[in-house]
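Descriptive analysis of the structure
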Amino acid sequence: MLDTLSTSLKDALKKLAGKTVIDRAAVDELVKDLQRALISSDVNVKLVMELSKSIRTRSLDEQLPKGTNVREHVLRIVYQELVRLVWVSTDVKLEPQTILMAGLQGSGKTTTTAKLARYFQKKGMKVGVICADTFRPGAYDQISTLCAKINVPCFGNPLEKNALKLTREGLETLKDLELVIVDTQGRHALEADLIREIIEINVITKATHRWLVIDAALGQQASEQARRFHEAIDIDGVIITKMDGTAKGGGALSAVAETKSGIVFIGSGETIEDLERFEPDGFISRLLGMGDLKALLERANEAIKADEVDVNAMMKGKFTLRDMYKQLEALNKMGPLKQIMGMLPMGNMELPDGVYDVTSTKMVRYRIIMDSMTSGELDDPALINSSRMQRIARGAGSTPDEVRELIKYYKMMQRTLKGLRGAGGGKFNMQRLMKRFSGMQ
Amino acid sequence: MFGGLREKLQAARNRLGSSIQEAIVTQAPPAPETHKGGPSASSASQKSISSAAPTFADKVKILIIDRELVVSEKDLSEALSELEMTLLESDVALTVTDAIIAHVRTNLVGKHRKIGASVDALVVGALKSALLEVLGNGFDLINYIKTHNRPVKILFTGVNGTGKTTTVAKIGSYLKKQGYTVVIGAGDTYRAGAIEQIGVHAGRIGIKIIQHQEGADPSAVLFDAVQYAVSHKIDVVLADTAGRFHTKSNLMSQLEKIRRVMKPDLVVYVDEAVAGNDAVVRAAEFDRTVGADAVVLTKADMDSRGGAAISIAHTIGKPLMFLGTGQGYEDIIPFDPVQVVEELLGSDA
Ligand SMILES: Nc1nc2c(ncn2[C@@H]2O[C@H](COP(=O)(O)OP(=O)(O)OP(=O)(O)O)[C@@H](O)[C@H]2O)c(=O)[nH]1
Ligand SMILES: Nc1nc2c(ncn2[C@@H]2O[C@H](COP(=O)(O)OP(=O)(O)OP(=O)(O)O)[C@@H](O)[C@H]2O)c(=O)[nH]1
Ligand SMILES: [Mg+2]
Ligand SMILES: [Mg+2]
């Protein structure tokens, strides 16, 4: 069934491929197929309607960028709209913190607790776990067995019936550890007593993060459940579990839309190692039932040709946000910067670590932010004062802090380029580097 | 439970009703001027429509009694798309929704119909028959046990975390209350804490449990449970298994082996009422590989709209046996399709 769906989505896209003038009927057809794809991936029906409305409006209203056909134009909009939804900064910091796990019965909280403990342990942190589930038979056996496998201390007591008391004792016992994860029993929106309980656990733990664990198969209930959890404990991240099955995780998309948070991790198996950082491209491809979305998008991005990057201007020291946008665009398609640099005949050229530290999620975000800048700002970033920053942030569904971060990154890139020039890497190499940066294979 | 779907279906039904009425009105003599009390304005259930003083709708109904009515596709398309939304929002999978809409459409569109009853009945009839056709008949477990040789061996399967273990405990408790003797086989030897979990449940409800060590061969455990039942003249064997995804062929063949070894009389597939479209995919895969004789849907207490019941039944055509409605042992109710459809659509129409 899904194959048929994605085929029809692809067919609809194909119809748009040759066109250079926007065809209302063809866009409508595409939007309809898109709706069906998203609904069959369990994205909340109302959310799908909102999304498809703005995709339709943007597709019809926005000017076709020079050199792109309608398909590329629409595909890019679809992609941007979806990324806008799933993306919110979910940087996982390696600092002392407490993480509170919340979610429906059987969603995978306990298993994910162990996976997270492992994740942070591997990053070199001292991790402990509190089993605050006083209800489910075998809950403590389950988490303590998992923790024992990875040598993580686990505090709990299957005989204690008071989750709040247990949590307090656990915090005291594990107070010398850097990172504490609190596993809780499953609960749902209509269980008022249990919602109250998790509110109190949140107060007691003063949790740094409150992550909602969502089963990839959860359907239309996801929005309402997430809303209630969010009201109770201010969810700041969603973890999707069981992505190794055939479910698409649309419920998790509804949940992030509801909580205005982002997807932090993906659970992809039953073992402790089966945890991945979230990566938007794969997720969106899966939602749309189009495995090759990324490839399609890459072709769309080819519109930004290598020669459009003004290498000479950059050589002369003019490196604008616009150039960086193109770079990010190209990089997104080429893979991690470090890898690309590795391919270059640059010898032992040193680049600041920060240059590499831009994840693909971040790059996508940066591009969205730059999309809401004026062309004057793109050409001359110095124009961006704090009121402009506010406006840009609002337009991109972002925060001024993030815009500031982008500018900071831009400045670093600029300095890096200056450094490269100064280092006398030779004109030939510089041009090659620029070409690499700007979208060649 | 299912309250949400019922409300929404009633709204959609009212719409369908009103759009048919609109279609009629265009053929009928000029309508009375007051449109305010019309069915599209009232979101109340059909009870209030039929019991209130004669409204516009009633007058229309009287006008069309014994009149031939042709309903065109166009008349219905808007109302049907609303019904479609309703089903989708209730977690009926997209494919299944398509099928139901098609069914309702062929029942209402293009046919010359003598309308002897109300327009309401026409629409409700089409919806009801569609849903009943999809849901099929329930599964009477007690009757099944009564009419089969002891021990009756029941194997529980499903993907991770749907509620298999809890359901085994609930059904054990239910059967025990009905006077049957039960043994539970702790067939999940894989997941951490699984043996302890089912062990605590069995202890609380006072049912014998057969268990091996973590990591043991589940077929061997469940074979032992069956042997125990035979030698102790136990009525029913409930076999718990580890959750597994239909995409993992090694785990599916392990399940296949379990089935060969313990030879269950019934394979019960357990999924949750809050599952979305994937319910269809995995039910079909489980049914195809290890078979399914009946279905239990858990977590119906999570404000679920019940769409998964319709999706699964439609896809594998197997009866629903129980609904799980909470985490207590008593939170389980035998599934009655007529009751569910009547709860959805109201019984008096
Ligand atoms: N295949 C797969 N199974 C998973 C994943 N995450 C969790 N599970 C399984 O899902 C089931 C439920 O997981 P738990 O961690 O017990 O869920 P929970 O949310 O703690 O459950 P409660 O405490 O009862 O609410 C178990 O069988 C887990 O092994 C995943 O990413 N992939
Ligand atoms: N609210 C609610 N919770 C339920 C229901 N049935 C089971 N649960 C809960 O869901 C969680 C998972 O249930 P289990 O019985 O462990 O599920 P399972 O299918 O055996 O899980 P695995 O063996 O890990 O695959 C537990 O916290 C149960 O208490 C139900 O009908 N309603
Ligand atoms: Mg748990
Ligand atoms: Mg189990």
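Preceding block: the structure.
Just so you know, these numbers come straight off a predicted model, no measurement behind them. (Residues numbered from 1 in each chain as written. Chains lettered and ligands numbered in written order. Predicted model: local features only at pLDDT ≥ 70, side-chain atom pairs only at ≥ 80, totals over all residues. Heavy atoms only, no water.)

1. Here's the deal with the sheet that holds strand 1 (residues 97–103) of chain A
Consider a sheet: its strands pair through backbone hydrogen bonds, and that pairing is either parallel or antiparallel. Residues and elements named next belong to chain A. Heads up, the condition is: Two strands qualify as a pair provided DSSP detects at least 2 bridges between them. Counting from the N terminus, the helices are DSSP H or I runs at least four residues long and the strands are E runs at least two residues long. Contacts are residue-level and defined by heavy atoms, with any inter-residue pair within 4.5 Å sufficient. Axes, fitted as lines to C-alpha atoms, cover a helix only where it is in contact. Angles between the N-to-C directions of the axes lie from 0 to 180 degrees.
If you walk across this open sheet you meet the 8 strands as 3-2-4-1-5-6-7-8, and the pairing is mixed. Only two strands of the sheet have a single partner each, and these edge strands are strand 3 (154–155) and strand 8 (275–277). Along the sheet face, helix 5 (residues 109–122) touches strand 1, strand 2 (127–131), strand 4 (179–183), strand 5 (209–215), strand 6 (237–241), strand 7 (263–267) and strand 8 and points at about 155° away from the line of strand 1. Against the sheet, helix 9 (residues 221–233) engages strand 1 and strand 5, with an angle of about 145° to strand 1.

2. Quick word on the packing of aromatic side chains
This is how the line gets drawn: For Phe, Tyr and Trp, rings pair up if their centres lie within 6.5 Å, where Trp contributes its six-membered ring, and each pair is then called stacked (planes under 30 degrees apart), edge-to-face (over 60) or tilted (otherwise). Burial classes: relative accessible area under 20% of the type maximum marks a residue as buried, over 50% as exposed, and values in between as partly exposed (1.4 Å probe, protein chains only). Think of it as a cone above the ring: NZ of Lys or CZ of Arg counts as a charge over the ring if it is within 6 Å of the ring centre and within 35 degrees of the ring normal.
Using the criterion set out here, one finds 8 aromatic pairs over all chains in the structure. Measuring from centroid to centroid gives 5.7 Å for Phe139(B) and Tyr144(B), while their planes differ by 35°, and the two rings are tilted. Comparing Phe139(B) with Tyr144(B), the two get one shared label, buried. Sitting over the face of the ring of Phe265(A), Arg277(A) holds its NZ or CZ atom 5.2 Å from the ring centroid.

3. Describing the pattern of salt bridges
Residue and element names in this part refer to chain A. What counts is decided by this rule: We define a salt bridge as a contact between a side-chain nitrogen of Lys or Arg and a carboxyl oxygen of Asp or Glu at a distance within 4 Å.
By the definition in use, this model includes 32 salt bridges over all chains. Measuring nitrogen to oxygen at the nearest pair gives 2.4 Å for the salt bridge that ties Asp-28 to Arg-56. Pair noted here: Asp-28 is in helix 2 (residues 24–40) and Arg-56 is in helix 3 (residues 45–61), with a separation of 28 residues, a long-range link. For Arg-56, a relative accessible area of 28% translates into the label partly exposed. Ionic pairing is found between Arg-187 and Glu-197, a salt bridge with its closest N-O pair at 3.0 Å. Separated by 10 residues along the polypeptide, Arg-187 in the loop between strand 4 and helix 8 (192–205) and Glu-197 in helix 8 bring together distant segments of the chain. Taken individually, Arg-187 and Glu-197 each receive the classification buried, so the pair is uniform in this respect. Salt bridges here are not isolated pairs; linked through shared partners, they connect Arg-58, Glu-62, Glu-81 and Arg-84.

4. Focus: the interface of chain B and chain A
Definition in use: The quantity reported as buried area is the accessible area (1.4 Å probe) lost by two parts once they are put together, taken as the sum for both.
Between chain B and chain A, the residue contacts involve 40 residues of the former and 39 residues of the latter. Roughly 3400 Å² of surface becomes buried between chain B and chain A when both sides are summed, with 55% attributable to carbon and sulfur atoms. Among the residues of chain B in contact with chain A, Leu94(B), Met302(B) and Gln327(B) are the three that bury the most area, contributing 17% of the side total. Remark: the boundary between chain B and chain A carries 3 salt bridges.

5. What to know about the pairing of strand 6 of chain A
Residue and element names in this part refer to chain A. Our working rule: Assignment of crossover handedness uses the view with strands pointing away from the viewer, where a clockwise path from the first strand over the helix to the second indicates a right-handed crossover.
For strand 6, a buried count of 5 out of 5 residues is recorded, marking the element as mostly surrounded by other parts of the structure. Burial along strand 6 is two-sided: Gly-237, Ile-239 and Thr-241 facing one way and Val-238 and Ile-240 facing the other are all buried. Of the strand pairs in this sheet, strand 5 and strand 6 are connected by 5 bridges, and their pairing is parallel. If you follow Val-213 over to strand 6, its bridge partner there is Ile-239. Handedness of the crossover joining strand 5 and strand 6 through helix 9 is recorded here as right-handed. Across 3 bridges, strand 6 lies against strand 7 in parallel orientation.

6. Some remarks on the site of ligand 2
Selection rule: Here a residue is near a molecule or strand as soon as one of its heavy atoms is found within 4 Å of it. Think of a polar contact as two N or O atoms within 3.5 Å of one another; within protein, one of them needs to be a possible hydrogen donor and the other a possible acceptor, and neighboring residues in sequence only count if both atoms come from side chains. What sets the accessible areas is the Shrake-Rupley method with a 1.4 Å probe; for residues, cover comes only from the shown protein chains. Residues are sorted three ways: Asp, Glu, Lys and Arg are charged, Ala, Val, Leu, Ile, Met, Phe, Trp, Tyr, Cys and Pro are nonpolar, and all the rest, Gly among them, are polar.
Not every one of the 23 residues close to ligand 2 is listed here, only the nearest: Lys164(B), Thr165(B), Thr166(B), Arg191(B) and Gln327(B). Each of chains A and B places residues near ligand 2. Contact between ligand 2 and Thr166(B): an oxygen atom at 2.5 Å from a side-chain N or O atom of the residue. Look at ligand 2: alone it shows 650 Å² of surface, and the protein chains cover 96% of it. The greatest single-element share of the shell around ligand 2, amounting to 4 residues, is contributed by helix 8 (residues 164–177) of chain B. Residues of the shell around ligand 2, tallied by class, amount to no nonpolar, 16 polar and 7 charged.

7. What about helix 10 (residues 218–231) of chain B?
Each α-helix winds once per 3.6 residues, and so residues spaced three or four apart point in a common direction. Residue and element names in this part refer to chain B. Stated formally: Here the expected span of a helix is defined as 1.5 Å times the quantity of residues minus one. What the arc measures is the spread of directions leading from the helix axis to the C-beta atoms.
Here helix 10 contains 14 residues, and its C-alpha end-to-end distance of 20 Å stays within 8% of the 20 Å for a straight helix at 1.5 Å per residue. Residues Pro-218, Ser-219, Val-221, Leu-222, Ala-225, Val-226 and Ala-229 constitute the buried set of helix 10. The arc that holds the buried residues of helix 10, viewed along the axis, is 165°, so those residues lie on one side. The elements touched by buried residues of helix 10 are strand 3 (152–157), strand 4 (182–187), strand 5 (208–210), strand 6 (236–241) and helix 11 (249–262). Its side-chain oxygen 2.9 Å from the backbone nitrogen of Ser-219, Asp-217 forms the N-cap of helix 10. Where helix 10 terminates, the next one or two residues include Lys-233, which has phi positive at roughly 50°.

8. Side note on the site of ligand 1
In the vicinity of ligand 1, 25 residues are found, and the nearest of them are Lys109(A), Thr110(A), Thr111(A), Arg136(A) and Asp244(A). Nearby residues around ligand 1 are contributed by chains A and B. A distance of 3.2 Å is found between an oxygen atom of ligand 1 and a side-chain nitrogen or oxygen belonging to Lys115(A). Contact distances for ligand 1 include 2.9 Å between an oxygen atom and a backbone N or O atom of Lys242(A). Starting from 650 Å² of accessible surface for ligand 1 in isolation, the protein chains cover 96%. Class assignment of the residues belonging to the shell around ligand 1 gives a composition of 2 nonpolar, 14 polar and 9 charged.

9. Observations regarding the nonpolar core
Note that soluble globular proteins tend to have their nonpolar side chains buried in a common cluster. We apply this condition: Among buried residues, those of type Ala, Val, Leu, Ile, Met, Phe, Trp, Tyr and Cys that are joined through side-chain atoms within 4.5 Å constitute a nonpolar core.
Within the largest apolar cluster, 100 residues are counted, with the highest numbers of intra-cluster contacts made by Leu38(A), Phe283(A), Leu288(A), Met324(A), Met370(A) and Met373(A). Residue contributions to this core peak at 10 residues, all from helix 4 (residues 70–86) of chain A. Listed in part, the 55 residues of the second largest apolar core include Leu108(B), Val237(B), Ala273(B) and Ile312(B).

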